[in-house]
Amino acid sequence: MARVRLGVAQRREELLRAAIRQIEERGVSAVRIADVANALGVSNALVLYHFSTKEKLVAAAFTYAAEDDLAHLRKLLGRRTTALRRLRAAVRWYAPTGQAKGWRLWIEGWAVALREPALRDVTRDLDRQWKAALTEVIAEGVTRGEFRCPDPTGTALRLTALLDGLAVQMTAYPGAVSRTRTQQWVDEALARELGLGESELGLGEREPGLGEGESREG
């Protein structure tokens, strides 16, 4: 069956999605241009036409994945509700569930970024945007009198460091820590960082619009 002719933007998106799937399956180091081409039934030359090297393809794929993550984060933080409920929804979504495909992708990215400057720029920019988004909603909560937090920037850094570390443990070592225990620790950290008691934090409340088991899975 002949393939449907796609526009340049559509073709690039198709290639990026295929690259992400191949990276999740094989890892960054092992994935080849040929793997992406074969997955779509196209030629290596077509992939190289859009991305002249494997390194550029990988960096673009991570950028594409990052844009999806950031779009969802902004959706959570843009809801018309309290700063606390938005922040908790974002933090709960951040944690891995199931096979944690999204987190496996980013752990791969962090590892390779140690040696690949282009990918390091992508992961650094994602990290900066995550912290900036959380800092903004924390600062908003302080202004509205919801939080007692003298340093929103420092709070965002400490929270993301805790979340990243727990996510790596849950993804790399299944069973090392349960999702329930993780949520407990994160809730305790939120209460401490925001200057809230357990009753003020609203433990046990379901976040609006956050589906059961929904998480940052890419």
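Anything mentioned here points back to the structure above.
Residues numbered from 1 in each chain as written. Predicted model: local features only at pLDDT ≥ 70, side-chain atom pairs only at ≥ 80, totals over all residues. Heavy atoms only, no water.

Caption draft 1: Region of interest: the overall build of the protein chain. Counting its secondary structure elements, the protein chain contains 10 helices and 0 strands. Counting from the amino terminus, helix and strand elements in the protein chain follow one another as α-α-α-α-α-α-α-α-α-α. Counting the 218 residues in the protein chain, one finds 45% classified as buried. Across the protein chain, every contact between residues at least 6 apart in sequence was considered, and the portion connecting residues at least 24 apart equals 68%. (Helix = DSSP H or I, 4+ residues; strand = E, 2+ residues; numbered from the N terminus. Buried < 20%, exposed > 50% of the residue type's maximum accessible area, 1.4 Å probe, protein only. Contact = heavy atoms within 4.5 Å.)

Caption draft 2: Summary view of the pattern of salt bridges. Overall, the coordinates contain 11 salt bridges when judged by the stated rule. Measuring nitrogen to oxygen at the nearest pair gives 2.6 Å for the salt bridge that ties R11 to E14. Of this pair, R11 and E14 both sit in helix α1 (residues 8-26), 3 residues apart, which is roughly one turn of that helix. Look at R11 and you get buried, because its relative accessible area is 11%. With a closest N to O distance of 3.0 Å, D35 and R32 form a salt bridge. Judged by its relative accessible area of 48%, R32 falls in the partly exposed class. Connected through shared salt-bridge partners, R26, R32 and D35 make up one network. (Salt bridge = Lys/Arg side-chain N within 4 Å of Asp/Glu carboxyl O.)

Caption draft 3: Quick peek at the side chain of T160. Secondary-structure assignment places T160 in helix α8 (residues 152-172). There is a polar contact of 3.0 Å between the side chain of T160 and the backbone oxygen of L157. Among all residues touching T160, those that are not within four sequence positions of it are Y94, K131 and L134. (Polar contact = N/O pair within 3.5 Å; in protein donor to acceptor, adjacent residues only side chain to side chain.)

Caption draft 4: Local environment of the nonpolar core. By size, the foremost hydrophobic cluster in this structure holds 63 residues, and its most contacted members are F62, L87, I138 and F147. Secondary structure elements with two or more residues in this core: α1, α2 (33-40), α4 (54-77), α5 (83-94), α6 (101-113), α7 (117-143), α8 and α9 (179-194). Take this core: its biggest share by element is 13 residues, from α4. When residues no more than four places from it in sequence are discounted, the contact partners of F147 are A83, L84, L87, V137, I138, G141, V142, L194 and L196. (Core = buried A, V, L, I, M, F, W, Y, C linked by side-chain atoms within 4.5 Å.)

Caption draft 5: Main features of the packing of aromatic side chains. Going through the model one piece at a time under the given rule, you end up with 5 aromatic pairs. Look at W93 and W130: their rings are 5.6 Å apart centre to centre, the planes differ by 10°, and that puts the pair in the stacked class. With W93 in helix α5 and W130 in helix α7, this residue pair connects regions lying 37 residues apart in the sequence. For W93, a relative accessible area of 4% gives the class buried. Residue class for W130 comes out buried when judged on its relative accessible area of 3%. Geometrically, the ring pair formed by W103 and W110 is edge-to-face, given 5.7 Å between the ring centres and 65° between the ring planes. A connected cluster of aromatic rings, assembled from ring pairs, spans W93, Y94, W103, W110 and W130. (Phe/Tyr/Trp six-rings, centres within 6.5 Å; stacked < 30°, edge-to-face > 60°.)

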